[in-house]
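Examination of the molecular architecture
Spelled out from the first residue to the last, the chains are:
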Amino acid sequence: MASPGSSDGRLAVVMITHGRRGEAIHAVEQHLRLPERPRLIVVDNASRDGTADAIEAVDPSIEVIRLDSNVGGAARNVGVRRAGTPYVAFSDDDSWWEPGSLAAAVRALEHHPTVAAVTARSLVGPDAVDDPLNEELARSPLTRRPDLPGPRVLGFLACAVVVRTSAFAAVGGFDERLSIGGEEELLAVDLAAAGWDLVYLDDLIVHHHPSPIRSLDGRRQAGIRNTLWFLWRRRPPASIARRMAHLARTLPRDRATLAGVAGAVRGLPWAIGERDVVPAHVERDLRSLDAPQMRSGARPTTGRTPTARSGSPAATVAAWRR
C-alpha cells in the first residue's frame, strides 16, 4: 500500500544497492524527506555488510527485498514486480530525487500516453555539477514532436529515469546478463522498437553522488562488453562495422579494455542467438545519434575520448561516471 501523501499510489521508487550501507542509508533518508512521500522499495543485491538490516531499521515503511545473489541492474526488475504501480522511479544507492520531480514525472506520463520513460537532469556531487550527458540529451538530434513534453532520446541514466511499468514489463526490463555498466542502452532501444517514446525533461532533477566504493576498471570493462553485445544483438552489419571501427581506434590499450572485449567475445554465441535487429525507423534514429555519441565525452565507460579539458567540471563528472 502506498504511503499517505504519495502520488495517489501511482508511483514507487525502486532503489538497488550492494555493499554500500552508509551511502544507501543516506539515499534512503533523502527519499523519505520528499514531499511526495513515495513508496520506497529497496532491493539488496546480496550485500554482506548488513545493508538490508540497516535500511529496515531506518523506517518501517521501507520495503526491503533481499536477493540471494548479485544480479546487478536486473534487481530493478524485482522491485518493479513488487511495486505493482503504474509508474516506477529508479534510484541507485548513491542518488536521490529532488523534491517535486517525482510528481512532475507522473504528470508528464499521465498526460502523454505514448511516453514510456522520462529521464531527468542529473546533478553530480556536492557542487551539483551538470552531468555531461544532460547537454547531450537536451540537444538530441532526433526529430522534435509537439505532442511530447521534451526532446526525444534513445538513452538515459538508470538512476535518473521514471518508467511506465506496462511498457517496461512488456520488453522484459533490464537484461540480467548485462549487470551494471551501460545496461540502459538495450532497454531504451527496445522500448523505442516497441513503439514507445522516451523523452528528456530538464525540470526533473536527480542528485547523484557517485560512490568512491566502486571498481572504475570493472565498470568500464562491463561497459565495453555491453556496448559490443548491444551492437551485435540490435544493429545491422554496416552500423556494427562503423561503431566497432570507432571503438578500435579510441579504446585505450589496457587490461580493462582487453577484459571487456574478451568478455564480449565469450558471449558472442549467446548474442548472435539473441539477435533481433531494430526496425528501420529506430535504426534511422540510432544513425542520427552515432556521430554525436562517438564525439561525446559523456560515455566514458565505452572508451570514447572525453572532450572536456582536464580539471574542468565536465571532466571531473566523466571521471566519476567511469
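Preceding this paragraph is the structure being described.
Our subject in this report is the structure included herewith.

Within the protein chain one finds 13 helices and nine strands. Relative to its full complement of 322 residues, the protein chain shows a buried share of 57%. Taking as baseline every contact in the protein chain between residues at least 6 positions apart, the subset at least 24 positions apart corresponds to 78%. Counting every atom, the protein chain has about 13,600 Å² of accessible surface; 53% of that belongs to carbon and sulfur.

This part covers the pattern of salt bridges. Following the criterion strictly, the structure yields 23 salt bridges and no others. The salt bridge partner of D290 is R243, with a shortest N-O separation of 2.5 Å. Taken together, the residues span a long stretch of sequence, with D290 in helix α12 (residues 280-295) and R243 in helix α9 (residues 237-250) at a distance of 47 residues. Bridged by salt links that share partners, the residues R235, R242, R243, E283, R287 and D290 form one connected network.

We now examine unusual backbone geometry. In the Ramachandran plot, A46 falls in the positive-phi region, its phi being about 60° despite a non-glycine side chain. Locating A46 in the fold gives a position in the loop between β2 (39-44) and α2 (51-58). At A128, a residue that is not glycine, the phi angle is positive and equals roughly 50°.

Time to look at the environment of G22. The residue G22 is located in helix α1 (residues 21-32) in this model. In sequence terms G22 and D49 are 27 residues apart; their C-alpha atoms lie 9.9 Å from each other.

For an α-helix, the turn length of 3.6 residues means that residues three or four places apart are oriented alike. Judged by how many residues are buried, helix α7 (residues 184-193) sits mostly within the fold: eight of ten residues are covered. Among the residues of α7, those classed as buried are E184, L186, L187, A188, V189, D190, L191 and A192. Of the surrounding elements, those touching the buried residues of α7 are β6 (115-124), α6 (165-170), β9 (197-208), α8 (216-234) and α12. Backbone geometry just after α7 places G195 at a positive phi near 100°.

Before going further, it helps to examine the pairing of β6. Of all ten residues making up β6, nine are buried, and the element is well covered by its neighbours. Pairing analysis gives nine bridges linking β6 to β9, with the strands arranged parallel. Looking across to β9, one finds that A120 is bridged to L201. Pairing geometry for β6 and strand β8 (residues 161-164), over three bridges, is antiparallel. Considered in β8, the bridge of A117 is made with V163. When β6 meets strand β7 (residues 129-130), the two strands line up antiparallel, connected through two bridges. From the neighbouring strand, V124 faces β7, where its bridge partner is V129.

Turning our attention to the pairing of β2. With six of its six residues buried, β2 lies for the most part within the structure. Neither face of β2 is open: one carries R39, I41 and V43, the other L40, V42 and D44, and all of them are buried. Here strand β1 (residues 11-17) runs beside β2; their pairing, made up of six bridges, is parallel. Residue pairing across strands places A12 opposite R39, the latter belonging to β2. What joins β1 to β2 is α1, and the crossover it makes is right-handed. The sheet contact formed by β2 and strand β3 (residues 63-66) spans four bridges and is parallel. Across the sheet, D44 pairs through a bridge with R66, a residue of β3. For the segment spanning β2, α2 and β3, crossover handedness is right-handed.

Rules behind the numbers
Residues numbered from 1 in each chain as written. Predicted model: local features only at pLDDT ≥ 70, side-chain atom pairs only at ≥ 80, totals over all residues. Heavy atoms only, no water. Helix = DSSP H or I, 4+ residues; strand = E, 2+ residues; numbered from the N terminus. Buried < 20%, exposed > 50% of the residue type's maximum accessible area, 1.4 Å probe, protein only. Contact = heavy atoms within 4.5 Å. Areas by Shrake-Rupley, 256 points an atom, 1.4 Å probe, with all protein chains shown as cover. Salt bridge = Lys/Arg side-chain N within 4 Å of Asp/Glu carboxyl O. Pairing = 2+ DSSP bridges. Right-handed = clockwise from strand over helix to strand, strands pointing away.

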